[in-house]
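Below are the chains, spelled out letter by letter.
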Amino acid sequence: MTTIFHNALISKEKLREIILKNPQTLLSGLSFIDLQMSVDEGGIIDFLGVDTAGCLVIVNFDIISDDHMLIDVLSQMQWLKKNQGLIKRLFFSENICFEKTPQIVLLAPAFSNKLEDAVKQLTAKDLKLLNYKYIVSESDDAIIFDEVFSNLKLNSEQALKSKNEDKQLDKIEYAVLSEKDEIEENSDSEKIEAIEEEKSPLYDVITLTPEEIAEFMDFDIGIEQKQRAEQ
Amino acid sequence: MNKLKKLGKGLEDISYLFLSPDQENAAEQKIKTVQETSVKETIEMATKNICLIGNSHDSRDAFLVINLSLALARLGMKIAVVDMDEKLPCLNFLLGKTAEGEKLSDDNQIVSQGPFGVKLAGINSDLIESMLIDRAIRAKIMKEMQQMEKEVDLVLISVSQDSLCYMNPLLRNSIEEFLVFVSPDKNSMLDSYKVIKTIFSNNPIAKIGTIITDIEHMYAIDVVFNKMFSSVKKFLVKELYKYGFLFKLKQEVNNNSNIASFYDADLTACISNIAQIIILRLNLDENVKSNGELFKNILNEFGID
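In this report, the structure presented in the accompanying data block is examined. From a predicted model like this one, the values you see are computed outputs, not experimental measurements.

### Remarks on the overall build of chain A
Piece 1. Helix and strand counts for chain A stand at nine helices and eight strands.
Piece 2. For chain A, the residues scored as buried account for 26% of the 231 residues in total.
Piece 3. Across chain A, contacts joining residues at least 24 apart in sequence account for 60% of those joining residues at least 6 apart.

Spelled out as structure tokens, the structure:
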């Protein structure tokens, strides 16, 4: 029997709850480490997450179309870069890799053409725009996430993984609130994308030892100068 | 190139400020070598090159790269600047805006002309991916880059720390020398150290020089360099070269800054000195001609034949 769904408005709280319970539908391998994180003038990061390779992911959403989302999230990205030390201390158990640029996922019912044009000019490989559509029937409701734009690069781990197994998520992802299974689709475009990702240069992550970090964390130019003068 | 011969005494006078004591003798030898090459036969080899790795992705690093290229051009060198930075708008924009009366080349061309004969090219990972897929694009770009190499004495490649993750193959064998910006802030020093470690991990025989940036007091130059030098020696068992320093910018520089309208005497002197050290270090020789293989080798590292 066919169920008839209608478009409906969703409250911000309900959308937040859906995202919180279904991080993987936004980005493969994503898990959240914090939410509602206040960032100076950059507003609030709705969700802060990490992917399987330890790359930070900012997820912001809104129930109206607002171009300021882009400015806010870029400012938040800069804040994260400036406050790496703080983030490291706050989430030391999360194995965050700061060599990689944080990724961005923006979710809204629609994005203006102006915003879509603007993101195309960003050369950073770290942004994904998702539309959502909330639909309800008499007994059920569902939300559809539709990818509008993405220039996210696969990190090295994901790329290696993609060589061995098919991706589970297609461009259109469904997070149905009822107990229906996720719909999985694989398309030709996705395969081409995977081939391209395999060809693209992937990098080795260089990590620093605690001794190396301590060497610089203790550095104070004033004290060093005094010591030199005494010698 | 003819102007190189006139540097002589002036360079010797200031070189002690920039070179480590044990490098001074080597530098003198190199000056002599430059002067003695006039009788040698012309030989072909890859274009001399330096890869500059900035410590931030604001426009400040691009500004320094541009000024350095202009300083080198004023010393009589033919310079090409290749922007391989993922996040900065292409340097062409910066130079294009500032060059009065000069127009950038068509969008289709990779190499364009900047002020003082400086050639400009922008290569990012998107372009590299296009080259991987499309043979025609690959051939066109290779041809342009080879032509550019043959017309210049030195190629400056600009990459930011953040872009290094996409440009890792660049760190392997093709680059002659790397220049890393190091500022006195401990977090920035840690970032710079990470870059140095990344370079040595990819290329154990790399030559890495430092430019100490954001200097407010002269004493900080040696303190910062010595700290970085000793740390690299302690943990990586490698050595660094001292290329010079840059005073802290007295005014904010943004993408719209016009180079002609911006003048900072101290900074200009610093950049000019670094330009002279570069000429000394690279032992630029007018009897050496480019074989146009530099970018071919670099792109080979990216898997492009």
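Picking up after the structure, the text goes on.
### Description of unusual backbone geometry
The phi torsion of most residues other than glycine is negative, and most of the peptide bonds are trans.
Residues and elements named next belong to chain B.
Piece 1. Non-glycine residue Asp214 carries a positive phi angle of around 55°.
Piece 2. The class for Asp214 is partly exposed, based on 19 C-beta atoms found within 10 Å.
Piece 3. Of note, Val237 is a non-glycine position whose phi angle comes to about 55°, a positive value.

### Some thoughts on the packing of helix H8 (residues 210–217) of chain A against helix H7 (residues 186–202) of chain B
Piece 1. H7 of chain B packs onto H8 of chain A with a crossing angle of 140° between their chain directions and a minimal axis gap of 8 Å. Between H8 of chain A and H7 of chain B lies a crossing whose hand is right-handed. Of the residues in H7 of chain B, those in contact with Glu212, Ile213, Phe216 and Met217 of chain A of H8 of chain A are Lys186, Met189, Leu190 and Tyr193 of chain B.
Piece 2. For the contact of H8 of chain A with H7 of chain B, the per-class residue count stands at six nonpolar, no polar and two charged.

### As for the pairing of strand E8 (residues 208–215) of chain B
Residue and element names in this part refer to chain B.
Piece 1. Where burial is concerned, most of E8 is hidden: seven out of the eight residues are buried.
Piece 2. Of the pairings in the sheet, the one linking strand E7 (residues 177–182) to E8 comprises five bridges and is parallel in character. Counted as the bridge partner of Leu179 is Gly209 from E8.
Piece 3. For the handedness criterion, the β-α-β arrangement of E7, H7 and E8 is classed as right-handed.
Piece 4. The pairing of E8 with strand E9 (residues 241–247) spans five bridges and is parallel. The partner of Thr210 across the bridge, within E9, is Lys242.
Piece 5. The β-α-β motif built from E8, the intervening helix H8 (residues 219–236) and the parallel element E9 has right-handed crossover chirality.

What counts, and where the lines are drawn
Residues numbered from 1 in each chain as written. Chains lettered and ligands numbered in written order. Predicted model: local features only at pLDDT ≥ 70, side-chain atom pairs only at ≥ 80, totals over all residues. Helix = DSSP H or I, 4+ residues; strand = E, 2+ residues; numbered from the N terminus. Buried ≥ 20, exposed ≤ 12 C-beta atoms within 10 Å, placed from the backbone. Contact = placed C-beta atoms within 7 Å. Axes fitted to C-alpha atoms, helices over the stretch in contact; angles between N-to-C directions. Left-handed = near helix turned anticlockwise from the far one by under 90°. Nonpolar A, V, L, I, M, F, W, Y, C, P; charged D, E, K, R; others polar. Pairing = 2+ DSSP bridges. Right-handed = clockwise from strand over helix to strand, strands pointing away.

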